[in-house]
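Reading the structure
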Amino acid sequence: MTDAAIEIRDLVVRFGRFTAVDGLNLDVRTGELFGFLGPNGAGKTTTIRVLIGSQRPTSGTVTVAGLRIPDEFERVKPIFGYVPDTENHIEEFTGRENLELFARLYNAPLSRIGDVLRRLELSEAADVAVKAYSKGMRRKLLIAREIIHQPRILYLDEPTANLDAHSTELVRDLLRELGAQGVTVFLTTHNMEEVEQICDRVAILNRGRLVECDTPTRFVTRHATREVRVQYERDGDVCRESLDIDDEAGRDRLAAIIRTEHCVRLHSQEFDFHDVFLKLTGHSYS
Amino acid sequence: MRFSMIRILISREVRRLRKNPSALMLIGLLAAIALMMATSRPMSQKPGTVPVSSVWIITDRSAEWLDHLEKHLPDRPIVRIVDRETVEQSRPRFLPSEGLLNVKHEQTEQGLQVTLSGRYPGSDPKAMDVFWEWFWPQLLTYQHQGLNFEYDQTPLQAGPRAIEQQSVSELMTPELVGTMLLLIVQFFACCHLLVSCTSQDRERGTLMALALSPAHISEIMTAKFLFHIALSVSGCLVIVSILKPAALSHPVFWIAMLLTSTGLMCVGLCISTLTRSQASAGLLALCYMLAGAGLFYLSTKFTGFRLLKMLTFESYSFPLLYGSLRSPERLFPASGLTAMFVLVAGWLLTARHCFTRFGWR
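Residues numbered from 1 in each chain as written. Chains lettered and ligands numbered in written order. Predicted model: local features only at pLDDT ≥ 70, side-chain atom pairs only at ≥ 80, totals over all residues.

**A few points about the overall build of chain B**
Selection criterion: The way it works is that DSSP assigns letters per residue, a run of H or I at least four long becomes a helix, a run of E at least two long becomes a strand, and they are numbered from the N terminus. In this scheme the burial state of a residue depends on its C-beta neighbours within 10 Å: 20 or more other such atoms mean buried, 12 or fewer mean exposed, and anything in between means partly exposed; the C-beta positions come from the backbone. Contact criterion: two residues are in contact if their C-beta atoms, reconstructed from the backbone, are within 7 Å.
Of the regular secondary structure elements, chain B holds 15 helices and five strands. Scored against the burial criterion, the 361 residues of chain B give a buried share of 35%. Restricting to contacts in chain B with at least 6 residues of sequence separation, those with at least 24 account for 80%.

**What to know about the overall build of chain A**
Looking only at helices and strands, one finds 10 helices and 13 strands in chain A. With respect to the three principal axes, the spread of C-alpha positions in chain A is 75 × 45 × 35 Å. The 286 residues of chain A split such that 38% are buried. Considering only contacts within chain A whose residues lie at least 6 apart along the sequence, 67% involve residues at least 24 apart.

**Quick notes on the interface of chain B and chain A**
Heads up, the rule is: Lys, Arg, Asp and Glu make up the charged group, whereas Ala, Val, Leu, Ile, Met, Phe, Trp, Tyr, Cys and Pro make up the nonpolar group; the residues left over, Gly among them, are polar.
Listed per partner, the contact involves 16 residues of chain B and 16 residues of chain A. Those elements giving two or more residues to the side of chain B that touches chain A turn out to be α1 (3-19) and α9 (206-212) of chain B. Each residue belonging to the side of chain B that touches chain A can be placed in one class, and the counts come to six nonpolar, five polar and five charged.

**Some words on the sheet that holds strand β7 (residues 153-157) of chain A**
Residue and element names in this part refer to chain A. Selection rule: Whether two strands pair depends on DSSP finding at least two bridges between them. Helix axes use the C-alpha atoms of the stretch in contact, all axes being lines fitted to C-alpha atoms, and the angles between their N-to-C directions lie in the range 0 to 180 degrees.
Strands sit in the order β6-β7-β8-β3-β9-β10 across an open sheet of six strands; the sheet is mixed. The open sheet has two edge strands, β6 (80-83) and β10 (209-214), and neither has a second partner. Across the sheet, the mean angle from the axis of one strand to that of its neighbour is 15 degrees, orientation sign disregarded. Across four bridges, strand β3 (residues 33-37) lies against strand β8 (residues 184-188) in parallel orientation. Bridge pairing links F34 to F186 in β8.

**As for the pairing of strand β1 (residues 54-59) of chain B**
Two faces, one strand: in a regular strand the side chains alternate between the faces of the sheet. Residue and element names in this part refer to chain B. To be explicit about the condition: The handedness rule is simple: strands pointing away from the viewer, and a clockwise path from the first strand over the helix to the second, make the crossover right-handed.
Here β1 pairs with strand β2 (residues 78-83) via six bridges, running parallel. Bridging across to β2, S54 finds its partner in I78. The β-α-β motif built from β1, the intervening helix α4 (residues 64-71) and the parallel element β2 has right-handed crossover chirality. Direction of pairing for β1 relative to strand β3 (residues 98-108): parallel, over a ladder of six bridges. Looking at the pairing, W56 lines up with L100 of β3.

**Looking at helix α5 (residues 135-147) of chain A**
Residue and element names in this part refer to chain A. As a reminder, the rule being used: By this rule the span expected of a helix is its residue count minus one, scaled by 1.5 Å.
An ideal rise of 1.5 Å per residue puts 18 Å on 13 residues; α5 measures up with 19 Å between its terminal C-alpha atoms. Where burial is concerned, most of α5 is hidden: 10 out of the 13 residues are buried. Burial in α5 covers these residues: M137, R139, K140, L141, L142, I143, A144, R145, E146 and I147. Contact partners of the buried residues in α5: β6, α3 (95-105), α4 (111-119), β7 and α6 (165-180).

**Some words on the packing of helix α8 (residues 174-204) of chain B against helix α12 (residues 278-298) of chain B**
Residues and elements named next belong to chain B. Here is the rule we go by: If an angle is under 35 degrees, it is roughly parallel; if it is over 145, roughly antiparallel; if it lies from 65 to 115, roughly perpendicular; otherwise it is oblique. The crossing is said to be left-handed when, going from far helix to near helix, the turn is anticlockwise and less than a right angle, and right-handed when the turn is clockwise.
The N-to-C vectors of α8 and α12 enclose an angle of 155 degrees; their axes lie 8 Å apart at closest approach. Put simply, α8 runs roughly antiparallel to α12. Viewed along their axes, α8 and α12 form a crossing whose handedness is right-handed. Here F187, C191, H192, V195, S196, S199, Q200 and E203 of α8 lie close against α12, whose contacting residues are Q278, A281, G282, A285 and M289. A class-by-class count of the residues in the contact of α8 with α12 yields six nonpolar, six polar and one charged.

**Details of the sheet that holds strand β13 (residues 262-269) of chain A**
Residues and elements named next belong to chain A. In spatial order, the strands read β12-β11-β13; together these three strands make up an open sheet with antiparallel pairing. Either end of the sheet is taken by a strand with one partner, and the two such strands are β12 (237-244) and β13. Ignoring which end each strand starts from, the neighbouring axes of this sheet average 15 degrees apart. Pairing of strand β11 (residues 227-234) with β13 involves seven bridges; the strand directions are antiparallel. In the strand pairing of β13, E233 is matched with H262.

**Focus: the packing of α1 of chain B against helix α10 (residues 217-243) of chain B**
All names here are of chain B. Direction vectors running N to C along α1 and α10 enclose 50 degrees, while the axes themselves pass 9 Å from each other. Here α10 runs oblique to α1, going by the angle between their axes. Once α1 is placed against α10, the crossing between them reads as right-handed. Here M5, I6, L9, I10, E13 and V14 of α1 come into contact with α10, specifically with E219, I220, T222, A223, K224, L226 and F227.

**Quick notes on the pairing of strand β1 (residues 4-15) of chain A**
Residues and elements named next belong to chain A. Sheet analysis places β1 next to strand β2 (residues 18-29), joined by nine bridges and oriented antiparallel. Within β2, the residue paired with I8 across the bridge is L26. The turn linking β1 back onto β2 is made up of two residues, and G16 within it adopts a positive phi angle of 65 degrees.

**Considerations on unusual backbone geometry**
Residues and elements named next belong to chain A. The residue after I69, namely P70, is reached through a cis peptide bond having omega 5 degrees. Checked against the element boundaries, P70 lands in the loop between β5 (67-69) and α2 (73-76). In the Ramachandran plot, E121 falls in the positive-phi region, its phi being about 55 degrees despite a non-glycine side chain. Relative to the elements of secondary structure, E121 occurs in the loop between α4 and α5. Classification of E121 by C-beta neighbours within 10 Å gives partly exposed; the count is 14. Phi is positive for E158, which is not a glycine, with a value near 55 degrees. Within the secondary structure, E158 sits in the loop between β7 and α6.

**Structural notes on the environment of A42 of chain A**
All names here are of chain A. Considering the arrangement of structural elements, one finds A42 in the loop between β3 and α1 (44-52). Among the residues examined, A42 registers 23 C-beta atoms within 10 Å and is labelled buried. Sequence separation between A42 and D164 is 122 residues; the distance between their C-alpha atoms is 27 Å. When sequence neighbours within four positions are dropped, the list of residues in contact with A42 reads L205, N206, R207 and G208.

**Focus on the nonpolar core**
One broad rule of soluble globular proteins: the nonpolar side chains tend to lie buried together. Just so we agree on the cut-off: By definition, a nonpolar core groups buried Ala, Val, Leu, Ile, Met, Phe, Trp, Tyr and Cys residues that are joined through C-beta atoms within 7 Å.
Formed by 135 residues in total, the largest nonpolar core has its most connected members in A144 and Y155 of chain A together with I239 of chain B. Top contributing element to this core by residue count: α8 of chain B, with 13 residues. Ignoring anything within four residues of it in the chain, the contact list for Y155 of chain A reads I48, L51, I52, F80, Y82, V83 and F186 of chain A. Counting residues in hydrophobic clusters, the runner-up holds 12 residues, among them V52, V55, V79 and Y120 of chain B.

**As for the environment of A132 of chain A**
All names here are of chain A. Here A132 shows up in the loop between α4 and α5. Classification of A132 as exposed rests on a count of 11 C-beta atoms within 10 Å. Placed 41 residues apart in sequence, A132 and E91 show a C-alpha to C-alpha distance of 8.6 Å.

Treat this as a map of the structure, not an account of what it does.
Structure follows, in C-alpha cells:
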C-alpha cells in the first residue's frame, strides 16, 4: 500500500507520429502541492488530460487515488476537481447559479456556495451573470466551482493566470490551505516564483520526458552556483569576470581584483528557478 | 442511470432556455401560423374562380387564322398553339389553372367549319373570360370572310386527360401544411436547437465540465434528449391541437412523431460531435436539411436517389404524419413504421457511440 495520490507509470501518449508524453513516471503523494513545469509543448496539458480521463494513453498505467484511469473513470470523477486553463462557465447563469448546478451534481451541501464565494471574494458579484465578469473573476469562480465538493485531488492549469497581485496571493493562500487539509494539489504553471513559494515538489518536463523531480530546496542546493561576478575598469576598458568562490584560486583572484583594480560592480550569483528551468529544458541562453 | 442526475441536467437546460427565450419564439411563430390557418380555413375552402394562367390551343391542322393568332399573342394569359399529334406524343400535363381549346377543322358545303371545345379550369366558366376577350376580337376578320366557328365549353375535369398534377394552392391543405409545420418544429427543436446548444457547450468547454462531474456521459445525453423531445412534442401538440385535434387520439401520429424527433436528435448529436464550433455545426445542420430536400426532389427524377431516399427515416415520417393527420383510419403503416424504427435505432446507436467516445471532449 502506498500513500501516492497519483501514480504514473511508463505513460506514453502519441498523436499520430508525434509523441506528446514519452515514458513518464511520476508519484504524487497525498496532500502534496505538486508543481508541474515545462516549456510549451512539453506534454503538461496532455498529462493532465490523461489524469482527468479526457485523453486515452497510448500505453502505460495511471492510477488516481488507487483507481485506474480510464477504466475506473466514472468512479474517480467525484474525487477530483479540474481547473482548466480556459474558463468553461455557463455564461448565461450567474456565478451563484453556476456553483449551484455543480454543487447539485456533486451532491455537495448548497450552504458551501456562500463559503467558497466569500473565500474567493466573489460574494458581491455572486448574482451577476458570468458574461459580465472580468477575466480574474472568471478564474476565481472556476476555482470556487472546483473546490465546492471538497475534492481529494485538485488539478489546476495555470491557476493564477490573469489574476492581480491580491487575487494571486488569495489563490496561493487557498492552495496552501487545501494542502494543509490533505488535498493533493497538482498544478501546472509558468510562474517560477509561484513554484518556489507554494510547491512541496516540482517536476520539470521537456519534450514529453521527465527531466527532474524534487523539492524546491533541493533544486536550490543542487543548482545554486557559488559564483561572484565582478566588473572593473582598467585603462578605460570595462572588464568582466565570473569567479568560483568554492575554488581557492577563484577566491584569491577575487581578493586581488578588489585590492588592485577599480571595481564598478560586484555581485553574487543567487539561485534562480527561471535559469534552472531554462538550463534543464535546454533553453538556457547564458 | 440516475434519475436525480438527469433531473438536475434537464433543469439546467430549462433554465438556459429561459435565459435565452429566442429559441421559443420560432415554435410560437409556427403555432401562430397553425392558429391563423385554423381560423381562416372557411375562407380558403369557399369555391371561387381559379384565374386562368395559360391556355393551350390544340389544333388538327395549320390554318391562316391560327397563324394570325400566333403573331398576335397576348401578354396574359399565356397562349400556346400546338399540333394535336405533338400533344399526343408528349402528353403534357395540364394544371387546373390552365385552360384548353380543342380546334377541329371540317370542310362542309357552307365552307370551312371550325369546332372549338373550350375547357375551363376550376368550376367557373368565367375563368376563361380573360382569354375570350383576346380571342374573339382576333377572329372578327375571319368570321366576316365566311369562316364558321362553333363553340362549346366544358370544365377541364370532364376532358379526356386526367389532371396529373395539382397546383401549389390546391396542395396546401391544412393536413399538408400541418405536416410541414410539424416537421419544421421537430427539425428546429430536435436538430437545430440541440446542435446549437451542444456545440456551444462543447466550444465553451461546459460539456467537458459536466462530463467530468459525477454525471455519466449517458445521463448527459439522456437529459439532452428528454429536454429536446419535450420541447418538440409540446410544439407539435400545440399545432396539431389547433389544426387536427382528432389526430391526437391516433397512436400512429404519436409513434411517427416520437420516432422522427428521436431520429432528428440523433442526427443533431452526430453533427455536433463532428464539428468543433457552434457556427460550423449550425452550417452543417442547414446542409443536412438542404441535402434532405435535394434528395427528396431528385428521388422523383432518378431511381438511384429513390433508393437512397428509402434509407432516410424522414421519407417515412412525412407520409406517416400526413396520413395520420388526414385519414388515420385508412392508414396501414406497419412497414413504414418498422423501416423508420430500424433507421432511427441505427442513428441512435451511432449517436450514442460518437457522443460517449469523443462528443463531449
